Amino acid sequence: MVADLHLHTNFSDGTFSPEELASHGKRHGLAAMSLTDHDTVEGCPRMAAACASEGIEFISGTELTAELKGIEVHLLGYGMDLENKKLLSEVARFQAVRQNRIHEMVARLNRLNVPLRAEAVFEIASCRSPGRPHVARALVKAGFCGSLDEAFERFLKVNRPAWVPKCKVSALEAMNLIHQAGGVAVMAHPGLNRTDEIIPEIVEAGLDGIECFHTKHSTATSHHYLQMADQFHLLVTGGSDCHGLNKGKPLVGTVRLPYHHVEKLKSKVAERRAALAGPQSALHPSH
Ligand code: AMP
Ligand code: ZN
Ligand code: FE
Ligand code: FE
């Protein structure tokens, strides 16, 4: 039994609907899937239903963009209560920042004599959590760039002329947000962000797990983070980070996390939920 716990849909910058994603998961024989769209949990109820109809276990998820000491860290949250008020109001705030950033990137493009309209980006994004890939798709669709890669290379990559830095929440705040919603916080693709130097501090602050298996991790990189997980007593997770059909063949199901890691993750979620409920509810269970 295997799982893919890092996936995106069109509720952020993926191209698949939750139903399409679940159907790919079924074809790859996944026993469990999570949906980790950027700064949102909005797609989770539909993904849960789609997984249920395919006979796949679903774990609620999100991927929050955060930072610690100026280093960007993506924090995966798993197992949160999707109706948690604080979680919903905070992600709405992150989404407003993302929407403003689209306007800023478009303004920069306009100053570079690329007359893209923000509405064209929002139309393509058609979600509350838009990002650079949507700007890239709009640039290609309007004929200003020949490919998504060209759009990133010319305009959107870090320090390129239309790039706008993202205003990020602190990693500690992001982890607290996940924890108070009953979830566990996992550092995404540490091999991409070169975050080793901040791992001890972020663990001290409550990190629960680390994504050892990821599309862009080599075998050696995965092994390195498995050792770190062991050293710091962290949960081990993994996922493909599939964004749909953006770049050729979809990645869903290509990273296969052994199910025993999912079991440990679920136990940790149950522990956190019990701790949040407090000793009162354990002594006096409501019937
Ligand atoms: P954002 O959250 O708006 O900063 O956009 C980040 C997303 O853009 C990532 O999740 C990737 O999916 C995508 N991305 C980042 N860099 C590139 C690149 N050089 N080429 C294509 N996609 C990229
Ligand atoms: Zn993405
Ligand atoms: Fe990420
Ligand atoms: Fe991702």
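K.L.:
Tell me what's going on with the site of ligand 1, and back it up with residues and numbers.
P.N.:
Contacts to ligand 1 come from 12 residues, most closely from R98, R101, G131, R132 and K166. Measuring from an oxygen atom of ligand 1, one finds a side-chain N or O atom of R98 at 3.2 Å. Taking H243, its side chain carries an N or O atom lying 3.3 Å from an oxygen atom of ligand 1. In isolation ligand 1 exposes 500 Å². Once the protein is present, 76% of that is buried. Every element with two or more residues in the shell around ligand 1 is listed here: α3 (85–111) and α5 (132–141).

K.L.:
I'd like a rundown of the coordination of the iron ion (ligand 4), residues and numbers included.
P.N.:
Reference values for angles at a metal are 109.5 degrees in the four-donor tetrahedral case and 90 or 180 degrees in the six-donor octahedral case. Note on the iron ion (ligand 4): its protein donors are H6 (NE2), H8 (NE2), E63 (OE) and D241 (OD). The metal-donor distances range over 2.1 to 2.2 Å. Here the iron ion (ligand 4) and the zinc ion (ligand 2) are spaced 4.7 Å apart. With H6 in the loop between β1 (2–4) and α1 (18–27) and D241 in the loop between β9 (235–239) and β10 (257–258), this residue pair connects regions lying 235 residues apart in the sequence. An identical accessibility class is assigned to H6 and D241; each is buried.

K.L.:
Report on unusual backbone geometry, specifying residues and quantitative values.
P.N.:
One non-glycine residue, N113, lies in positive phi territory at about 65°. Summarising the element assignment, N113 is placed in the loop between α3 and α4 (118–125). Using a relative accessible area of 68% as the deciding quantity, one classes N113 as exposed. One non-glycine residue, D241, adopts positive backbone phi at about 60°. Here D241 falls in the buried class, since its relative accessible area comes to 13%.

K.L.:
Describe α3, and please don't skip the residues or the numbers.
P.N.:
In this model α3 runs 40 Å from its N-terminal to its C-terminal C-alpha over 27 residues, within 8% of the 39 Å that 1.5 Å per residue would give. Taken together, the buried positions of α3 are occupied by L87, E90, V91, F94, Q95, R98, R101, I102, M105, V106 and L109. In this structure, the buried side of α3 is in contact with β4 (61–68), α4, α5, α6 (148–156), β6 (169–170) and α7 (171–180). Of the residues one or two after α3, N113 is the one with positive phi, at around 65°.

Conventions adopted
Residues numbered from 1 in each chain as written. Chains lettered and ligands numbered in written order. Predicted model: local features only at pLDDT ≥ 70, side-chain atom pairs only at ≥ 80, totals over all residues. Heavy atoms only, no water. Near = heavy atom within 4 Å. Polar contact = N/O pair within 3.5 Å; in protein donor to acceptor, adjacent residues only side chain to side chain. Areas by Shrake-Rupley, 256 points an atom, 1.4 Å probe, with all protein chains shown as cover. Helix = DSSP H or I, 4+ residues; strand = E, 2+ residues; numbered from the N terminus. Donors = N, O, S within 2.8 Å, 3.2 Å for Na, K, Ca; no water. Buried < 20%, exposed > 50% of the residue type's maximum accessible area, 1.4 Å probe, protein only. Expected span 1.5 Å × (residues − 1). Contact = heavy atoms within 4.5 Å.

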